[in-house]
Amino acid sequence: MPYNFALTGAAGYVAPRHLKAIKETGNNLVCAVDPNDSVGILDSFFREARFFTEFERFDRHIEKLRRQGEGKQVHYISICSPNYLHDAHARFALRVGADVICEKPVVLNPWNIDALQELEKEFGRRVFTILQLRVHPTLIELKQKLSQNLSREKKDIVLTYVTSRGPWYLVSWKGQAERSGGLTTNIGIHFFDLLIWLFGDVEKNEVHHASATKSAGYIELKNARVQWFLSIDMNDLPATAREKGKSTFRSITVNGQELEFSEGFTDLHTVVYRETLAGRGFGLEEARPSVVLAHDIRNAIPTGRKAHSHPFLGKVG
């Protein structure tokens, strides 16, 4: 029997990936909520889904379905709302007897994970999150190679991610650190999760630069030294990218060799959904290390440029 899904944040940027994943895994969306009513995308996937602009009415509808029994009740709630609402919406889901599939970051602060784990025990439901880079075929292959390499010498990693955004970004909730977690959380947390997954626990963390539009630092992991740079400023795009009219530049080098994984991103949410529904989802404890790291970066005092800073930082005034 297909599972019944509900979804929060239906008008957001990432919602179509979740709608597509629900559809492609053979399940049904019964209702969705968003204060913004620009949700025509629902017709492309679930034309019959009920839609609400008020969370209270969404709550009432889900409770009504719960009381109608197993065939009607919501089994999963997909959370695509702004980051600062994730833990509240996850708590709501657990209380109405639903499991959760939450967009990254699952929460903004480490103690939010502790609270959700208590509720998991209380209600017998689970909170899962989208750590999509962990299911990328190229990165799975790299993980396997690294696990077979017994060398104790740390790898030198350079992470560069520039994804240019216009003035709207800083005006929206994404530009407000208290709502998004800031730049490193909003656009960087899945890279931090990837690096910890591949190279082990964080041993040292330095932040060299932090502003509303770019951030950079140095992380020492169990098996790697990482120089990282994140930016939404188009002026940070390499000349080669600008000449090709590209608005995004993504690069990870390992000991000077480019890790090519630009292809294969299209269906990663669907893969994560399929794995989650099969009992192999990414739970709160798996998400914890990157949440802790992003929190620590957000609250660190920048030291300024150092000899081991990311090379792009030399361009920052």
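Our subject in this report is the structure included herewith.

### Quick look at the pattern of salt bridges
Tallied over the full model, the rule gives 19 salt bridges. Between Arg-225 and Asp-156 there is a salt bridge, with its nearest N and O atoms 2.8 Å apart. Linking Arg-225 in strand S10 (residues 224–231) with Asp-156 in strand S7 (residues 155–163), this pair joins segments that are 69 residues apart in sequence. A residue is classified by how much of its surface remains accessible, and Asp-156, at 37% relative accessible area, is partly exposed.

### Things to note about helix H4 (residues 86–95)
Along H4, seven of the 10 residues are buried, which leaves the element largely enclosed by surrounding structure. Every buried residue of H4 is accounted for by His-86, Asp-87, His-89, Ala-90, Phe-92, Ala-93 and Leu-94. Packed against the buried residues of H4 are strand S1 (4–8), helix H3 (55–68), strand S4 (76–79), strand S5 (99–102), helix H5 (110–123) and strand S6 (127–129). Positive backbone phi, at 85°, marks Gly-97, one or two positions downstream of H4.

### Thoughts on the sheet that holds S10
Reading across from one edge, S8-S9-S10-S7-S11-S12 is the order of the six strands in this open sheet, with mixed pairing throughout. The sheet terminates laterally at strand S8 (202–210) and strand S12 (257–258), the two strands that pair on one side only. Here S7 runs beside strand S11 (residues 248–254); their pairing, made up of seven bridges, is antiparallel. Of the residues in S11, the one forming a bridge with Ile-157 is Val-254. Running over the sheet, helix H9 (residues 183–199) touches S7, S8, strand S9 (214–221), S10 and S11 and is turned about 160° from S10. In the packing of helix H12 (residues 284–298) onto the sheet, contacts are made with S8, S9 and S10, and the angle to S8 comes to roughly 40°.

### Quick look at the nonpolar core
Grouped together as the largest cluster of nonpolar side chains are 32 residues, with contacts concentrated most on Ile-157, Phe-199, Leu-221, Val-226, Trp-228 and Ile-252. Every element with two or more residues in this core is listed here: helix H6 (137–148), S7, H9, S9, S10, S11 and H12. Excluding anything up to four places from it in sequence, Ile-252 contacts Ile-157, Val-158, Leu-159, Phe-191, Leu-194, Gln-257, Glu-258, Leu-259 and Phe-261. Residues Ala-6, Ala-93, Ile-189 and Val-291 belong to the second largest nonpolar core, which totals 30 residues.

Cut-off values and rules
Residues numbered from 1 in each chain as written. Predicted model: local features only at pLDDT ≥ 70, side-chain atom pairs only at ≥ 80, totals over all residues. Heavy atoms only, no water. Salt bridge = Lys/Arg side-chain N within 4 Å of Asp/Glu carboxyl O. Helix = DSSP H or I, 4+ residues; strand = E, 2+ residues; numbered from the N terminus. Buried < 20%, exposed > 50% of the residue type's maximum accessible area, 1.4 Å probe, protein only. Contact = heavy atoms within 4.5 Å. Pairing = 2+ DSSP bridges. Axes fitted to C-alpha atoms, helices over the stretch in contact; angles between N-to-C directions. Core = buried A, V, L, I, M, F, W, Y, C linked by side-chain atoms within 4.5 Å.

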